[in-house]
Amino acid sequence: MPNLIELLELYGVFIVFAIVLVEQGGLPIPAFPVLVVSGALAADGGISWPACIVVAMAACLLADLFWFRAGRYYGVGVLRLLCKISLSPDSCVSQTEDKFARFGAKSLIVSKFIPGFNIVASPMSGALGVSTPRFIAFSMAGSLLWSGSGVALGAYFYKSVDQLLDTMSAMGSTALFVVLTLLGLFVLYKFVERRRFQRDQSIARISIAELASLIDDGHQPLIVDARSNIAQQLEAPIPGAVMFDACDAAGFMVGLDKDRHIIVYCSCPNDFTAAQVARQFLSNGFHRTRPLKGGLDAWNAHRS
């Protein structure tokens, strides 16, 4: 195995650009540690720290613009695709929508420090119609803050980083095996966590065919839209649906008939939000509450 320090000294700027671009493109490859190592090498004069920051910002901007344009042209479709391939798809969309609704495009400044939020923030900006100059400004500010922080940390703790690199270089292929093992354990942990979470969210769902039968039979089910305000801007609701007020759930339920069929839907993977809201109804005595299996996608497919 070539000496890691020599490799970074020879090809450091190109390595930084490539790894940052791949990570910002969506693959679970940690780029921030590479920036830290680059900062440590810059403190020793082995690499140019301004060049590292510039190429990291360039890689971030390229990836951000790609996802921004994808969000602009494909809307919610690209958001759902990203969340499906995410390590935490169940809460990916809902958590991102909450953050974006609170801070808007300014959230791009800190999005790269938040796992899961970073990759979805750019296409969401495009889908919501954020102007290109405004997006580029916030994206560049966030890229500068993120890459500059990594390089600065490496420069400040360069002695400790150098010792770690020396140890890894001496270990040779063993170091690579340890890194890959840790990465594999992390992915396994996220998978087990996801499965456990899905079991905790298990609740009887209603199919789109069953919902259609309820409507045709004159039961007049109450259809509750559990999506966030951002999601409601991106896609039209089911006709006649009532918007759920998560901030005043108790007030929302006041006066509702507890014997009425209540169907809750969302547009997130595994009906995550709909299941959460349905549990609130069930815990308050609405025993005929069920989340809609497949959510808004199932409804739209049924209508088409």
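Look up: the structure comes first, before these words.
Residues numbered from 1 in each chain as written. Predicted model: local features only at pLDDT ≥ 70, side-chain atom pairs only at ≥ 80, totals over all residues. Heavy atoms only, no water.

### Thoughts on unusual backbone geometry
Residues other than glycine predominantly adopt negative phi, and peptide bonds predominantly adopt the trans conformation. A positive phi angle, near 50 degrees, is found at Q220, a position not held by glycine. Structurally, the position occupied by Q220 is in the loop between α10 (208–216) and β1 (222–225). (Helix = DSSP H or I, 4+ residues; strand = E, 2+ residues; numbered from the N terminus.)

### Things to note about the packing of helix α3 (residues 49–74) against helix α7 (residues 132–156)
In contact at an axis separation of 8 Å, α3 and α7 are set at 140 degrees when each is read in the N-to-C sense. Taken together, the axes of α3 and α7 lie oblique to each other. Handedness of the crossing formed by α3 with α7: right-handed. Along its contact with α3, which presents W49, C52, I53, A56, M57, C60, L61, D64, L65, F68, R69 and R72, the element α7 presents T132, F135, I136, S139, M140, S143, L144, W146, S147, G148 and V151. (Axes fitted to C-alpha atoms, helices over the stretch in contact; angles between N-to-C directions. Parallel < 35°, antiparallel > 145°, perpendicular 65-115°, else oblique. Left-handed = near helix turned anticlockwise from the far one by under 90°. Contact = heavy atoms within 4.5 Å.)

### A closer look at α3
When the terminal C-alpha atoms of α3 are compared, their 37 Å separation across 26 residues agrees well with the 38 Å that a helix rising 1.5 Å per residue should span. Two residues or fewer past α3, G75 is found with a positive phi of approximately 60 degrees. (Expected span 1.5 Å × (residues − 1).)

### A look at the pairing of strand β3 (residues 262–265)
By the alternation rule, side chains of β3 split into I262 and V264 and I263 and Y265, which are all buried. Here β1 pairs with β3 via four bridges, running parallel. Looking across to β3, one finds that V224 is bridged to V264. As paired elements, β3 and strand β4 (residues 289–291) share three bridges and run parallel to each other. (Buried < 20%, exposed > 50% of the residue type's maximum accessible area, 1.4 Å probe, protein only. Pairing = 2+ DSSP bridges.)

### Observations concerning the pattern of salt bridges
Throughout the structure, instances matching the rule amount to three salt bridges. A salt bridge links K112 to D64; the shortest N-O distance between them is 3.0 Å. Of this pair, K112 sits in the loop between α5 (89–103) and α6 (117–127) while D64 sits in helix α3, and the two are 48 residues apart along the sequence. With a closest N to O distance of 3.0 Å, D271 and R205 form a salt bridge. Here D271, found in the loop between β3 and α13 (272–283), pairs with R205, found in the loop between α9 (173–200) and α10; they are 66 residues apart in sequence, far enough to count as distant. Take D271: its relative accessible area is 8%, and that puts it in the buried class. (Salt bridge = Lys/Arg side-chain N within 4 Å of Asp/Glu carboxyl O.)

### As for the pairing of β1
Here β1 shows a buried face lined by L222 and V224 and a second buried face lined by I223 and D225. Where β1 and strand β2 (residues 242–243) come together, two bridges link them in parallel fashion. Residue pairing in the sheet places D225 in a bridge with M243 of β2. In this region the chain leaves β1, passes through helix α11 (residues 229–234) and returns to the parallel neighbour β2; the handedness of that crossover is right-handed. (Right-handed = clockwise from strand over helix to strand, strands pointing away.)

In short, geometric facts, not functional conclusions.
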